[in-house]
Amino acid sequence: MGDLWSGESKNVEYKVALPDRSIKYVKTAVAFANGEGGRIVFGIEDQTLNVVGVPDDQVFTIMDAISNAIADSCEPLIIPDISMRDIDGKTVIVAEILPGAQRPYFIRSMGREQGTFVRVAGTTRQADAATIKELLFEGSNRSFDQTICLGLEATNDDIAKLCDAMTAVAKSNAKHDVDSVKPVTAKQLLSWGVLTERDGELKPTNAYAILTGTNGPVRSVIQCGVFKGSTKAVFVDRREFTGAPWELVEQAYRYVLRNIHMGARFEGVYRQDVYEIPPDAIRELIVNAVVHRSYIDHSSIQVAIYDNRLEITSPGRLPMGQTIERMKEGYSKIRNEALATAFSYMGLIEHWGSGIPRIIEEVREAGLREPEFLGGDTDLRINIYRGSDQAVRDTTQKVRDTTDGVRDTTQKVRDTTDGVRDTTQKVRDTEYLSENELSVFQYAQEHGEIVSATVKQLLDLQERQAQKILTRLVNHGLLRRVGSARSTRYILANAAAGDDEN
């Protein structure tokens with residue numbers, strides 16, 4: 001069977017026979033052309049991978065039908081490479097689709113908005129508006145961040161302020177001679193694509209909006225959070241950072257350092273304080289997320305700290321030609337050219353493509369398991385698992401869950417008690433809750449209390465069913481009932497005694 005089984009879920013799709021309607025496999029052909037390419041194999045059962053084969057007297061007829069259906073139905077034109085394979089004495093037909101350069105590809109009869117398909121987690125799905133827009137930029141070989149930002153204006157003073165800010169960052173990151181750093185000029189921003197010229201005037205591009213932290217059509221946000229356990233079911237602290245990208249990097253980086261363990265490494269009689277995850281790797285991951293994310297996708301970068309790992313999620317599918325495997329090997333594919341050039345000038349990026357291999361090496365040297373790279377179809381998630389080798393002794397207590405929150409040393413984000421509640425009480429019991437019970441408990445955590453009427457509305461239940469859920473949460477020791485009759489409400493079981501009015 002050979003290479004037919006390589007990447008079978010993502011790049012290979014099986015059909016036991018030629019479907020009665022060609023659209024069933026034409027959608028997949030479109031998705032492969034819009035992605036990394038792939039193979040559609042006819043004559044193999046999808047679930048069992050049992051080789052059924054196609055009738056020998058119909059092989060050439062079926063091959064012609066497949067080729068014609070794909071070529072006639074798709075726009076731009078997709079020409080599959082159709083071949084036969086002999087597997088266990090049976091003939092199968094393989095239609096190979098190469099990655100397309102004229103994206104987006106779509107089914108002509110359905111139109112571009114409805115007929116564009118992509119591969120997500122090994123399945124063929126209709127592309128949303130953001131993905132279609134991303135494909136358009138890939139197909140035209142343009143960079144979204146170098147495109148003029150509609151509705152945004154930049155005065156000469158605004159441009160000068162950005163130049164001064166970027167020059168200051170570059171000097172602060174200069175490792176050697178600070179005086180050798182040349183100040184940024186408007187002409188430089190124009191050559192990078194941060195500015196563009198129209199009718200003799202300088203106009204800001206999307207890169208300009210990102211670099212200035214403008215809260216407009218281009219989102220530049222990092223959401224950070226600390227969670228109990230290994231899922232987002234119970235949170236301890238949440239923050240959202242906005243502003244210029246170098247500020248986002250610093251704020252998110254400091255947030256992670258405040259919420260992971262500090263330990264000590266002893267070399268002879270000398271003690272060296274170390275973090276459980278190498279700080280340089282943390283910073284590099286955040287920089288990569290800011291520079292290489294899709295800004296067409298309006299989602300935020302997410303930095304999540306769990307008991308067992310640090311997870312950083314960057315919005316958007318991988319750029320055309322990039323794969324997780326190539327990325328780990330040091331292959332660099334720049335999505336945001338203007339932004340990447342600006343970051344390189346400011347000393348936030350050192351060498352193209354070296355970041356991911358360097359992160360992997362630093363994490364290995366720290367005695368941690370190799371970072372985990374997931375997704376790539378709609379976003380990219382990178383996990384660094386927490387823990388340390390025997391040479392590192394943890395000298396700090398775990399982050400305590402308090403209503404005081406985690407003090408923000410950057411003074412950019414004010415610590416508040418809003419939404420940061422102590423959720424350590426009987427967290428292990430939530431593993432045994434039903435989905436409805438967990439939803440009610442989370443609501444109580446976020447709002448401090450809950451009443452029966454809210455449960456009914458939240459889950460669309462009858463009064464009796466709502467009462468059963470609340471009673472079970474009380475029996476689990478997670479909630480406490482206070483008040484009586486119509487004033488009955490349910491608060492967290494570990495709430496201060498003063499909260500109980502009875």
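This text goes with the structure placed above it.
To start, this report covers the structure provided alongside it. Please read these numbers as outputs of a predicted model, since none were measured by experiment.

### Section: the overall build of the chain
When helices and strands are counted, the chain shows 16 helices and 22 strands. A separation threshold of at least 6 residues defines the contact pool for the chain, and within that pool the share at least 24 residues apart is 63%. Surface accessibility of the chain: about 25300 Å² in total, with carbon and sulfur atoms responsible for 46%.

### Notes on the pattern of salt bridges
If you walk through the whole model with that rule in mind, you get 24 salt bridges. Ionic pairing is found between Glu-370 and Lys-328, a salt bridge with its closest N-O pair at 3.7 Å. Placement of Glu-370 in the loop between helix 13 (355–365) and strand 17 (372–375) and of Lys-328 in helix 11 (residues 324–328) is noted, with a sequence separation of 42 residues between them. Exposure remark for Glu-370: the relative accessible area of 31% places this residue in the partly exposed category. Its salt-bridge partner being Arg-381, residue Asp-379 comes within 3.9 Å of it at the nearest N-O pair. By relative accessible area, which is 22% here, Asp-379 ends up partly exposed.

### Some details on the sheet that holds strand 2 (residues 38–42)
Within a sheet, adjacent strands bond to each other through the backbone by hydrogen bonds, running parallel or antiparallel. If you trace the 4 strands from one edge of the open sheet to the other, you get 1-2-5-4, paired in mixed fashion. One side of each edge strand has no neighbouring strand; the edge strands of this open sheet are strand 1 (12–15) and strand 4 (81–87). Taking the axes of each pair of neighbouring strands and ignoring which way they run, one obtains an average angle of 25 degrees across the sheet. When strand 4 meets strand 5 (residues 90–97), the two strands line up antiparallel, connected through 7 bridges. Its bridge partner being in strand 5, Ile-82 is matched across the sheet by Ala-95. Sitting on the sheet, helix 2 (residues 23–33) is in contact with strand 1, strand 2 and strand 5, with an inclination near 160 degrees to strand 2.

### Quick word on helix 9 (residues 245–258)
Across its 14 residues, helix 9 extends 20 Å between first and last C-alpha, which sits within 8% of the 20 Å expected from 1.5 Å per residue. Burial within helix 9 is extensive, with 11 of its 14 residues counted as buried. Within the span of helix 9, buried status applies to Pro-245, Trp-246, Leu-248, Val-249, Gln-251, Ala-252, Tyr-253, Tyr-255, Val-256, Leu-257 and Arg-258.

### What to know about the packing of aromatic side chains
The tally for this structure, following the rule as stated, stands at 5 aromatic pairs. Geometrically, the ring pair formed by Tyr-25 and Phe-42 is edge-to-face, given 5.4 Å between the ring centres and 90 degrees between the ring planes. Taken together, the residues Tyr-25 in helix 2 and Phe-42 in strand 2 connect sequence positions 17 residues apart. In this pair, the class of Tyr-25 matches that of Phe-42, namely buried. With 5.5 Å between their ring centres and 90 degrees between their planes, Phe-137 and Phe-144 make a pair best called edge-to-face.

### Examining the pairing of strand 8 (residues 123–126)
Across 4 bridges, strand 7 (residues 117–120) lies against strand 8 in antiparallel orientation. Residue pairing across strands places Val-120 opposite Thr-123, the latter belonging to strand 8. Counting the residues that bridge the hairpin from strand 7 to strand 8 gives 2 residues, and of these Ala-121 lies at a positive phi of roughly 55 degrees.

### A closer look at unusual backbone geometry
Between Glu-75 and the following residue, Pro-76, the backbone shows a cis peptide bond with an omega angle of -10 degrees. Inspection of the secondary structure assignment puts Pro-76 in the loop between strand 3 (74–75) and strand 4. Looking along the chain, the bond that leaves Arg-103 and enters Pro-104 is cis, with omega of 0 degrees. Of note, the phi angle at Asn-141 is positive, near 55 degrees, even though the residue is not glycine. On the accessibility criterion, Asn-141 (72% relative accessible area) is exposed. For Asp-199, which is not a glycine, the phi torsion comes out positive at approximately 55 degrees. Topologically, Asp-199 is positioned in the loop between strand 9 (195–198) and strand 10 (201–204). The exposure class assigned to Asp-199 is exposed, which follows from its relative accessible area of 77%.

### Digging into the sheet that holds strand 12 (residues 234–242)
Pairing is mixed in the open sheet, where 6 strands are placed in the order 12-11-15-16-18-17. A strand with exactly one partner marks an edge of an open sheet, and here the two such strands are strand 12 and strand 17. Across this sheet, the average inter-strand angle for adjacent strands is 15 degrees, counted without regard to direction. Summarising the sheet, strand 16 (residues 309–315) and strand 18 (residues 379–385) pair through 7 bridges and their orientation is antiparallel. What sits directly across from Leu-310, in strand 18, is Ile-384. Contacts from helix 9 reach strand 11 (221–228), strand 12, strand 15 (301–305) and strand 16, with the element oriented near 160 degrees to strand 12.

### A look at helix 15 (residues 452–459)
Within the sequence span of helix 15, burial applies to Ser-452, Val-455 and Leu-459. The buried residues of helix 15 occupy an angular sector of 55 degrees when projected down its axis, which confines them to one face. Of the exposed residues in helix 15, those oriented more than 90 degrees away from the buried face are Ala-453 and Gln-457. Buried residues along helix 15 sit in contact with helix 14 (435–447), strand 20 (449–450) and helix 16 (463–475). Directly beyond the C-terminal end of helix 15, a positive phi value near 60 degrees is found at Asp-460.

Conventions and cut-offs
- Residues numbered from 1 in each chain as written.
- Predicted model: local features only at pLDDT ≥ 70, side-chain atom pairs only at ≥ 80, totals over all residues.
- Heavy atoms only, no water.
- Helix = DSSP H or I, 4+ residues; strand = E, 2+ residues; numbered from the N terminus.
- Contact = heavy atoms within 4.5 Å.
- Areas by Shrake-Rupley, 256 points an atom, 1.4 Å probe, with all protein chains shown as cover.
- Salt bridge = Lys/Arg side-chain N within 4 Å of Asp/Glu carboxyl O.
- Buried < 20%, exposed > 50% of the residue type's maximum accessible area, 1.4 Å probe, protein only.
- Pairing = 2+ DSSP bridges.
- Axes fitted to C-alpha atoms, helices over the stretch in contact; angles between N-to-C directions.
- Expected span 1.5 Å × (residues − 1).
- Phe/Tyr/Trp six-rings, centres within 6.5 Å; stacked < 30°, edge-to-face > 60°.
- Arc of directions from axis to C-beta.

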